[in-house]
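# What the coordinates show
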Amino acid sequence: MKNSLLILFIFFSSITAFAQNSFPTSGTVRIGSTQTNHGLLNMGGDGSENGINLWTNSGESTSRIWINSVNQTFHITRTQDITKGILIDNNGNVAIGSDKTSGKFQVKSSGTFGGLWSPTKSFMTISDGANQLILDPNEIYSNQTMAIGVMKGQRLEFRNVDANGFTTNMRIDANGKVGVGIQAVSKFHIYENTSETDVATGLTVEQKGAGDAKVQYLLTSKQRWVTGIDQSQNNEFVIGTGADWKQTKVLRLTTTGNAVFSNKIEAKEVKISSSPGADFVFEEGYALRSLDEVSQFIATHKHLPEIASAEEMEKDGVDLAKLNIQLLQKIEELTLYTIEQEDRIMKQEQQISILNEKVDQISELQQIVKTLIE
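Residues numbered from 1 in each chain as written. Predicted model: local features only at pLDDT ≥ 70, side-chain atom pairs only at ≥ 80, totals over all residues. Heavy atoms only, no water.

### Structural notes on the confidence of the model for the protein
Note the cut-off: pLDDT expresses how confident the predictor is about each individual residue, on a scale running from 0 to 100. Under the DSSP-based scheme used, a helix requires at least four consecutive residues in state H or I and a strand at least two consecutive residues in state E, with every element numbered from the N terminus. Residue contacts are counted whenever heavy atoms from the two residues lie within 4.5 Å of one another.
Confidence in the prediction for the protein averages 82 pLDDT; 82% of positions are at 70 or higher. No element of the protein has a lower mean pLDDT than helix α1 (residues 2-15), at 48, and none a higher one than strand β11 (residues 139-142), at 96. Within the model, the stretch residues 14-18 combines pLDDT values under 50 with five contacts to residues more than four positions away or in other chains. Confidence drops under pLDDT 50 across residues 213-217; counting only partners more than four residues distant or on other chains, this segment forms 16 contacts.

Structure representation (structure tokens):
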């Protein structure tokens, strides 16, 4: 036992004579270093060849732990390539795959997912069993339901930033209201600070159909157009304009499905598909009033039969489909009256023709009588 201790003492004593190595029985153990006040083990590992190198049995270097005194960085790398490992600078910043830090934590690689689920291309992966969250500089994906939010009572904002500051493009307030370009005053609020008046400043909802067909619904800021439910008028849906959206109700949709316009309607063509027409006038047995009956009705009521009076139209409005049938009915009745009058005129012309012949005959007889008398 004493011989073994003596051999070890001679061995460690001899080591202290080479390469500034020191293995004292107490205090700091030094390998390649003369420092005595930096922990119990002090290694002069300045540079990738002077740190701790871990080798395989075949002699291939597999990993290294070393420092760079010039850059004041600590490295854990594959071989001596500092971009294939972990770097910690003197401020505690960490970089993976980079020769320098950028911020508190940096991961450097190349490529992107390209809109695909590809964990092998991930710059960083967070796993919980089979569940994964993967991300690269411009894409983040999860293979399960993912929530993005803030603590209750706070606001979530989406911004554009540069070296001078930021612009908030959209925000979701703590009360669930969404504002685009502005803090929301309603559940969904769009604000555009511009003098432009084209549709680009508003909201476009586009529906693409078969082929190239598509439908666009446009809301613009060219004029103050507002839609809403008017609870004071039986919950009508109103499209209005002006300082007060109720001030000019351009269109009202009632709960019964009726549409009421506050002004004239201008169109190149109006098609009413529900109108059945008025051909019943030409059916056998139709009770066509005589013109004398019509005359008496007009003299009493001051409007045509089956047609609402002007007072009724002003009070209750006009059902265009119904009125169209009634007007067509009157036109067809007028046609029947015209046909009757034409028949009567033809009969009268025949009677006149017969009477004219008789008159001619009488004239001839008168002439004969006159000649005989003379």
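### Here's the deal with the pattern of salt bridges
The criterion, for reference: Throughout this description, the term salt bridge denotes a Lys or Arg side-chain nitrogen within 4 Å of a carboxyl oxygen of Asp or Glu. Type-normalised accessible area, obtained with a 1.4 Å probe on protein chains alone, sets the label of each residue: buried when under 20%, exposed when over 50%, and partly exposed for intermediate values.
According to the stated counting rule, one finds eight salt bridges in the structure shown. Across the pair Glu 157 and Arg 159 runs a salt bridge, and its minimum N-O distance is 2.9 Å. Among the residues examined, Arg 159 registers a relative accessible area of 46% and is labelled partly exposed. Put simply, Glu 306 and Lys 330 hold a salt bridge, and the shortest N to O gap is 2.5 Å. Of the two residues, Glu 306 is situated in the loop between α2 (291-301) and α3 (310-316) and Lys 330 in helix α4 (residues 320-373); the sequence distance between them amounts to 24 residues. With a relative accessible area of 14%, Lys 330 lands in the buried category.

### Some words on the sheet that holds strand β10 (residues 131-136)
Neighbouring strands of a sheet are bound in pairs by backbone hydrogen bonds; such pairs are parallel or else antiparallel. To keep things clear, this is the line we draw: Should DSSP find at least two bridges between two strands, the strands are taken to pair. The axes used here are C-alpha line fits, helices contributing only the stretch in contact, and every angle between their N-to-C directions lies in the interval 0 to 180 degrees.
Across the sheet, three strands lie side by side as β9-β10-β11; this open sheet has antiparallel pairing. Because the sheet does not close on itself, it has two edges, and the strands there are β9 (124-128) and β11. On average, each strand axis in the sheet is inclined to that of its neighbour by 10°, with strand direction left out of account. In the sheet, β10 pairs with β11 via four bridges, with the strands oriented antiparallel. In the sheet register, Leu 133 faces β11, and the bridge partner there is Ser 142.

### Quick word on the pairing of strand β13 (residues 165-172)
Across seven bridges, strand β12 (residues 156-162) lies against β13 in antiparallel orientation. From the neighbouring strand, Leu 156 faces β13, where its bridge partner is Ile 172. Between the antiparallel neighbours β12 and β13 lie two residues. Relative to strand β14 (residues 178-180), β13 runs antiparallel, the two sharing three bridges. For Ile 172, the partnering residue across the bridge sits in β14 and is Val 178. A loop of five residues connects β13 with β14, the two strands running antiparallel in sequence, and Gly 176 in this loop sits at a positive phi of about 90°.

### Some words on the packing of aromatic side chains
Quick reminder of the rule: Aromatic contacts are taken between Phe, Tyr and Trp rings whose centres are within 6.5 Å, Trp giving its six-membered ring; a plane angle under 30 degrees counts as stacked, one over 60 as edge-to-face, and the others as tilted. Each ring is checked for a lysine NZ or an arginine CZ that lies within 6 Å of its centre and within 35 degrees of its normal; such an atom marks a charge sitting over the ring.
One pass over the structure, following the stated rule, counts two aromatic pairs. Ring geometry for Phe 113 versus Tyr 141: centroids 5.7 Å apart, planes at 50°, classification tilted. Separated by 28 residues along the polypeptide, Phe 113 in the loop between β8 (105-107) and β9 and Tyr 141 in strand β11 bring together distant segments of the chain. Overall, Tyr 141 belongs to the partly exposed group, its relative accessible area being 27%. Here Arg 159 stacks its cationic end above the ring of Phe 166, 3.8 Å away from the centre of that ring.

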